[in-house]
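Residue-level listing of the chains:
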Amino acid sequence: MSMTPGGPEFLDTSGPADAAPDNDNRKRLVVLGALGAGALVVAGGAWAATSFFATGAQPAEALPGSTIAYASVDLDPSGGQKIEAIKTLRKFPGFTDQVDLKSDEDLRERLFEEITSSGGCEGLSYADDVKPWLGSRAAMAAVEIGEDQPAPVAVVQVTDAGKAEEGVQKLIDTCGGGEGSDSDPGSDVGGWVVDGDWLVMAETKETAQKVVDDAGEGSLADDDAFGKWTGEAGDDGFMQFYVAKGAAQYLGDAAGMGSSLGGPLLGDLSGSSSSDMSGGFDQECLDAATTAEELDACFTESSDDSSDTGSEEVPPELQQMIDDFDGMAATVRFDDGSVEVEYAVSNYQPDMTKYLDSDEGVSLVDGLPDDTVAALGFSLEKGWAQAFVDYLKSTLPEDSSSIDDGIAQMESETGLSFPEDLETLLGEGVTISVGSGIDPDAIANGGPGELPVGITVKGDAGDIQAVLDKIKAQVPAEAAEFMEVTEGDGYAVIALKDDYRSALESGGDLGGSDDYSDVVDGDAQSVMFVNFDADDNWLARMTEDMPEVSENLEPLSSFGISSWIDGDVVHGQLKLTTD
């Protein structure tokens, strides 16, 4: 994550850049930056899917407590989880064909080979020049060091500090032509410092040293907030992410700048008109700009206008959310043939999330037919609709009257009462589901009535039908025929296909199936579930005319997204399993 334009792209043991680096200088970080900071990107691909966050020293130990954003990855893990990850990925022919990574291979070496395959680092040897000092862990971070903006920083573990000093210099010399050494103090390739078990990279050596010094006074690993949020995100995994409370203020800065941009959206959100030039771009200048330099000139002219006082004020509603945000963290892990992402985020909008704090919708999903293909379930506490309207009015105060006018017009034209009728329609909990028996040909020839799609609502069937009757009068007859409500065991049913309506009325025990329980958390208050094995491997079946796609979908088993609220923390989990 680059918090300033350009980011830490180049390395040097000297000072800051005086000019933008040329194409030759851009080669300097091809190896080191990609092995370290750039590994986070690769970690999202096939190679990093074989990793896991092992025990031992972590990059958070090399960063100061003033770090506001952090993402770490293990480059060369070992142990049972890595083996399980390789076994899982090798189920997919596309992975084997393109990567064919074995469980005993060195991920760092494979990555090095890919990065240097273009020939930009002729003569560089992984075994001789990189392996002797390169560790297994790396991180990217944004660190507050007392400047206007956080400093982008990369951290890479080293196994031998002395060899790392020599190795990094050789990387720079080999891949970038030799500049960036102590003999070239005017270099423009950034800065780095080796400190103990860590290589710290930043835009300048002074910045890197500042990070090292600050970490010595108190590391991110020892920070209470970091410990709290990474703990809330569950067990360790192969990637870890953290955003501190302090990061929110930069969102506020960006929102305040929105009013300076004078655009129709950001200007409105800030309470200023796009045609009001106090603190905004000159729209005529913007319209005429055809190059980056001309656009920058528009900004400069606007910034120099002394009449622009107060133009960067953050909307009070957004400022309140910023003040209430307390942090977040996420972990990515492999576990017994599955890939899992778990996150925890500060409940910074409790006045809205309190209307979701119920498991009625998930209980409805639990009782769906066992052969359900996909389902979405959530709950809504009484009063949610009016609260949402009030929220919109507070967020867009200049549009409050138009919102009221729109609601009044809708009520007049439809005969609906808002918010009462909307809350009746969705009840205390609702599911939208797809059943088995998906037949593309039948759907194409027979229309919506052949779709096994339905809705169940925790509410009174008669009351729901009364609301739908108001809507039926406003829609075509072919749509009105599907607005019929029947009853299940304590819930209302609406369905497109008669057979599926009967299945929903009878219910089932989806929640008791392994496919469901493997991917849905037991604490869930809202859930999305997809069973790839259901309906004769429906997804692979429907793509069988594309064999390369179908054979790579075949190993998928089920997918689930769960979320729940626990006091001041909102939890979530995404999980994908394979056969």
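Cut-offs applied
Residues numbered from 1 in each chain as written. Predicted model: local features only at pLDDT ≥ 70, side-chain atom pairs only at ≥ 80, totals over all residues. Heavy atoms only, no water. Helix = DSSP H or I, 4+ residues; strand = E, 2+ residues; numbered from the N terminus. Buried < 20%, exposed > 50% of the residue type's maximum accessible area, 1.4 Å probe, protein only. Contact = heavy atoms within 4.5 Å. Areas by Shrake-Rupley, 256 points an atom, 1.4 Å probe, with all protein chains shown as cover. Salt bridge = Lys/Arg side-chain N within 4 Å of Asp/Glu carboxyl O. Polar contact = N/O pair within 3.5 Å; in protein donor to acceptor, adjacent residues only side chain to side chain. Core = buried A, V, L, I, M, F, W, Y, C linked by side-chain atoms within 4.5 Å. Axes fitted to C-alpha atoms, helices over the stretch in contact; angles between N-to-C directions. Nonpolar A, V, L, I, M, F, W, Y, C, P; charged D, E, K, R; others polar. Phe/Tyr/Trp six-rings, centres within 6.5 Å; stacked < 30°, edge-to-face > 60°. Pairing = 2+ DSSP bridges. Expected span 1.5 Å × (residues − 1).

## Description of the overall build of the chain
For the chain, the count of helices and strands is 26 helices and 16 strands. Looking at the chain residue by residue over its 579 residues, the buried ones come to 46%. Across the chain, contacts joining residues at least 24 apart in sequence account for 70% of those joining residues at least 6 apart. Per element, the accessible surface of the chain, about 26,600 Å² overall, is 51% carbon and sulfur.

## A few points about the pattern of salt bridges
On inspection of all chains with the given rule, the structure shows 12 salt bridges. One salt bridge in this structure joins lysine 228 and aspartate 568, with 3.9 Å as the shortest N-O distance. With lysine 228 in helix 9 (residues 224-232) and aspartate 568 in the loop between strand 15 (556-566) and strand 16 (569-578), this residue pair connects regions lying 340 residues apart in the sequence. Overall, aspartate 568 belongs to the partly exposed group, its relative accessible area being 48%. Taken together, the salt bridges that share partners define one network made up of Arg333, Glu340, Glu342 and Lys575.

## Overview of the environment of arginine 501
Topologically, arginine 501 is positioned in helix 23 (residues 498-506). On the basis of relative accessible area, arginine 501 is assigned to the buried category, the value being 11%. Separated by 14 residues in the primary sequence, arginine 501 and glutamate 487 have C-alpha atoms spaced 9.6 Å apart. Of the polar contacts made by the side chain of arginine 501, one reaches the backbone oxygen of glutamate 484; its length is 3.0 Å.

## Observations concerning the nonpolar core
Note that soluble globular proteins tend to have their nonpolar side chains buried in a common cluster. Core analysis: the largest hydrophobic core is formed by 32 residues, its most contacted members being Leu63, Tyr70, Val153, Leu220 and Tyr242. Where this core is concerned, the elements lending two or more residues are strand 1 (67-74), strand 2 (134-143), strand 3 (151-158), strand 5 (198-202), helix 8 (205-217), helix 9 and strand 6 (239-244). Leave out the neighbours within four places in its chain, and valine 153 touches Leu63, Ala139, Met140, Ala141, Val143, Val200, Met201, Ala202 and Val211. Grouped together as the second largest cluster of nonpolar side chains are 21 residues, Cys121, Trp133, Val168 and Cys175 included.

## So, unusual backbone geometry
With an omega of 10°, the peptide bond between phenylalanine 418 and proline 419 qualifies as cis. Turning to its location among the elements, proline 419 is positioned in the loop between helix 18 (400-414) and helix 19 (420-426). Positioned with a positive phi, aspartate 535 is a non-glycine residue whose angle comes to about 50°. Counting through the fold element by element, aspartate 535 comes out in helix 25 (residues 534-542). One non-glycine residue with positive phi stands out, namely asparagine 537, at about 50°.

## Concerning the packing of helix 17 (residues 384-395) against helix 18
In helix packing, the relevant descriptors are the interaxial angle and the interaxial distance, both defined with respect to the helix axes. Contact geometry for helix 17 and helix 18: axes closest at 8 Å, N-to-C directions at 145°. Where helix 17 abuts helix 18, its residues Val389, Leu392 and Lys393 lie against Ser400, Ile403, Asp404 and Ile407. Classifying every residue of the contact of helix 17 with helix 18 by side-chain character gives 4 nonpolar, 1 polar and 2 charged.

## Considerations on the packing of aromatic side chains
Enumeration according to the criterion identifies 6 aromatic pairs in this entry. Between tyrosine 70 and phenylalanine 226, the aromatic rings sit 5.6 Å apart at their centres with planes inclined by 85°, giving edge-to-face as the arrangement. Residue tyrosine 70 is found in strand 1, and its partner phenylalanine 226 is found in helix 9; the two are separated by 156 residues along the sequence. A relative accessible area of 3% means that tyrosine 70 is categorised as buried. Overall, the relative accessible area of 6% leaves phenylalanine 226 in the buried class. Aromatic ring contacts, followed pair by pair, group Tyr70, Phe226 and Tyr242 into a single cluster.

## Concerning the pairing of strand 7 (residues 327-335)
The buried fraction of strand 7 amounts to 7 of the 9 residues, a majority that puts the element mostly inside the structure. Two elements, strand 6 and strand 7, share 6 bridges in a ladder whose sense is antiparallel. Looking across to strand 7, one finds that methionine 239 is bridged to valine 332. Bridge count for strand 7 against strand 8 (residues 338-346) is 8 bridges, and the pairing is antiparallel. Paired with valine 332 across the bridge in strand 8 is valine 341. Once strand 7 ends, the chain turns through 2 residues before running back antiparallel as strand 8, passing aspartate 336 with a positive phi of about 50°.

## Comments concerning helix 21 (residues 461-472)
Its 12 residues give helix 21 an end-to-end C-alpha distance of 16 Å, which sits within 8% of 16 Å, the value for a rise of 1.5 Å per residue. Of the surrounding elements, those touching the buried residues of helix 21 are helix 19, strand 11 (453-457), strand 12 (486-487) and strand 13 (492-495). Here helix 21 starts with a cap whose side-chain oxygen sits 3.0 Å from the backbone nitrogen of glycine 462, and that cap is aspartate 460.

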